[in-house]
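Chain by chain, the residues:
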Amino acid sequence: MMRLKLTVFCIMIFLLLICNSTFSQVRLPQLIRDSMVLQRDSKIKIWGWAAKGEKVSIRFNNKNFKATIGTDGKWSVLLSPMKAGGPYTMNITASNTITLKDILIGDVWFCSGQSNMVHQMNIHDVTYAKDIEEANYPQIRHFWIPTLANLQGPQADLPTGYWKSAVGEDVRPFSAVAYFFARKLYEKYHIPIGLINASVGGTPIESWTSEDGLKEFSAMQATIQKNKDTAYLNSINRNVTTNPGRSQQKDLGQTGEKKWFEIAYTPPVGGWKTINIPGYWEDQGIKDLNGVVWYRKEIDIPASMTGKPAKVFLGKIGRAHV
């Protein structure tokens, strides 16, 4: 029995040591990782977290830099300015060592805005099929900021994120505007390009403004403080869960004996409106609707196409949410 207790005690100590070691290890934000692009000709800030009092050393481009962890567990260093080039390797050492590879020095652009900026190459893969197929720019790299919100204040880090090169299929998530912008610059100057894409379609300007930037607007300040109230937010979430409203209504086209997409379905006489495409349904008799609209069209296929493969390309739906 004594040996069993001693064994359990040793295991507990071992687990505590592992936990302490894990929490004390140096940690980096998602943005600082393999294949990142850093700004040329400027001091470069590298930062992260570790245990209080721990010392962090960084070796980059044959130079050494050191930092001490603050009381808040944060650390940062400023690297010396460098000319465009790479790839480089960075070693960050504390109680553990992190090695970052394939780092480029070039020009980094912050790409922000609404739908015009967020539209990805993948969304326009018909229009830009040739550009996607021929994309081969390993020194143009894109970091996608995932869409998320925190009403309590700025977040210290992102849940995930990766630097992707404009090569092959990896170019599909790129912002189309940012990609063509970067490609034009690269073909002219041949300097590595980093694109940080932080854009969200349909967002108001207030959502991009800091709390301090809105301090002179009393109505906005009242909204900000209300949104920081956890009880208020929980009540809204409960209301959405218990009273989902129209968002949970059944689609009539899916609930009948014959589904509206079936060939055997015959629309009732006078039951379907005629609509001109392209066009907005709001302008053609369907106003104030946030929901589902079914379209039905008959197409005559020439006999010469019998048995041959074909594609139907449908236009983009304005303000569609999937």
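Presented here is a report on the structure given in the accompanying data block.

Conventions and cut-offs
- Residues numbered from 1 in each chain as written.
- Predicted model: local features only at pLDDT ≥ 70, side-chain atom pairs only at ≥ 80, totals over all residues.
- Heavy atoms only, no water.
- 1 Å grid on protein atoms, 1.4 Å probe; cavity = no way out; pocket = protein on both sides within 12 Å on 5 of 7 lines; lining within 4 Å.
- Points joined across faces, edges and corners; volume = space filled by probe spheres on them.
- Helix = DSSP H or I, 4+ residues; strand = E, 2+ residues; numbered from the N terminus.
- Nonpolar A, V, L, I, M, F, W, Y, C, P; charged D, E, K, R; others polar.
- Phe/Tyr/Trp six-rings, centres within 6.5 Å; stacked < 30°, edge-to-face > 60°.
- Buried < 20%, exposed > 50% of the residue type's maximum accessible area, 1.4 Å probe, protein only.
- Lys NZ or Arg CZ within 6 Å of the ring centre and 35° of its normal.
- Polar contact = N/O pair within 3.5 Å; in protein donor to acceptor, adjacent residues only side chain to side chain.
- Contact = heavy atoms within 4.5 Å.
- Salt bridge = Lys/Arg side-chain N within 4 Å of Asp/Glu carboxyl O.
- Core = buried A, V, L, I, M, F, W, Y, C linked by side-chain atoms within 4.5 Å.

**Looking at the layout of surface pockets**
Roughly 1300 Å³ of internal volume is contained in the second largest pocket. Taken together, the elements giving at least two residues each to the lining of the second largest pocket come down to β10 (193-199) and α5 (218-227). Ranked by the residues each element gives to the lining of the second largest pocket, the list is headed by α5, at four residues. Class assignment of the residues belonging to the lining of the second largest pocket gives a composition of 19 nonpolar, 12 polar and four charged.

**Section: the packing of aromatic side chains**
Here the distance between the centres and the angle between the planes together describe a pair of aromatic rings. Inspection of every chain in the model, using the stated rule, returns 13 aromatic pairs. Between the aromatic rings of Tyr-137 and Tyr-179, the centroid separation amounts to 6.5 Å while the plane-to-plane angle is 70°, which identifies the pairing as edge-to-face. With a gap of 42 residues between them, Tyr-137 in strand β8 (residues 136-144) and Tyr-179 in helix α4 (residues 176-189) connect regions that are remote in the sequence. For the pair formed by Tyr-137 and Tyr-179, the shared burial category is buried. Measuring from ring centre to ring centre gives 5.5 Å for Phe-143 and Trp-163, while their planes differ by 55°; the resulting arrangement is tilted. Placement of the pair is Phe-143 in strand β8 and Trp-163 in strand β9 (residues 163-167), with a sequence separation of 20 residues. Taking relative accessible area as the criterion, Phe-143 reaches 0% and is therefore assigned buried. By the ring-pair criterion, three or more aromatic residues cluster together here, those being Tyr-128, Tyr-137, Phe-174, Tyr-179, Phe-180 and Tyr-186. The ring of Tyr-162 is capped by Lys-164, whose NZ or CZ atom sits 5.9 Å from the centre of that ring.

**Some thoughts on the side chain of Arg-141**
Here Arg-141 shows up in strand β8. Look at Arg-141 and you get buried, because its relative accessible area is 4%. A polar atom in the side chain of Arg-141 sits 3.4 Å from the side chain of Ser-165. Leaving out residues up to four positions away in the same chain, Arg-141 has contacts with Ser-35, Met-36, Val-37, Asp-102, Leu-104, Trp-163, Lys-164, Ser-165, Phe-174, Ile-193, Gly-194 and Leu-195.

**A word on the pattern of salt bridges**
Taken as a whole, this structure holds nine salt bridges when the rule is applied. Among the salt bridges present, the one from Asp-125 reaches Arg-172, with a minimum N-O distance of 3.6 Å. Highlighted residues: Asp-125 in the loop between α2 (115-118) and α3 (129-134) and Arg-172 in the loop between β9 and α4, separated in sequence by 47 residues. Given a relative accessible area of 30%, Asp-125 falls into the partly exposed group. Residues Asp-212 and Lys-215 are paired through a salt bridge, measuring 3.7 Å at the closest nitrogen-oxygen approach. Like Asp-212, the residue Lys-215 is exposed in the burial classification. Here the salt bridges do not stand alone but share partners, grouping Asp-125, Glu-169 and Arg-172 into one network.

**Some points on the nonpolar core**
In this structure, Ile-46, Ile-58, Trp-75, Met-90 and Ile-92 are the most contacted members of the largest nonpolar core, which totals 30 residues. Elements supplying a minimum of two residues to this core: β1 (37-39), β2 (44-49), β3 (55-60), β4 (63-68), β5 (74-79), β6 (85-93), β7 (97-113) and β10. Element by element, the count of residues in this core is highest for β7, at four residues. Core analysis: the next-biggest nonpolar cluster, separate from the first, contains 17 residues, Met-117, Met-121, Val-171 and Ala-176 among them.

**Quick notes on unusual backbone geometry**
Residues Gly-86 and Pro-87 are joined by a peptide bond in cis, for which omega reads 5°. Along the polypeptide, Pro-87 turns up in strand β6. Cis geometry marks the peptide bond from Ile-277 to Pro-278, where omega comes out at 0°. Notably, Asp-41 is not glycine yet its phi reads approximately 55°, a positive angle. As for its position among the elements, Asp-41 is in the loop between β1 and β2. Classification of Asp-41 as partly exposed rests on a relative accessible area of 41%. For Asn-62, which is not a glycine, the phi torsion comes out positive at approximately 65°.

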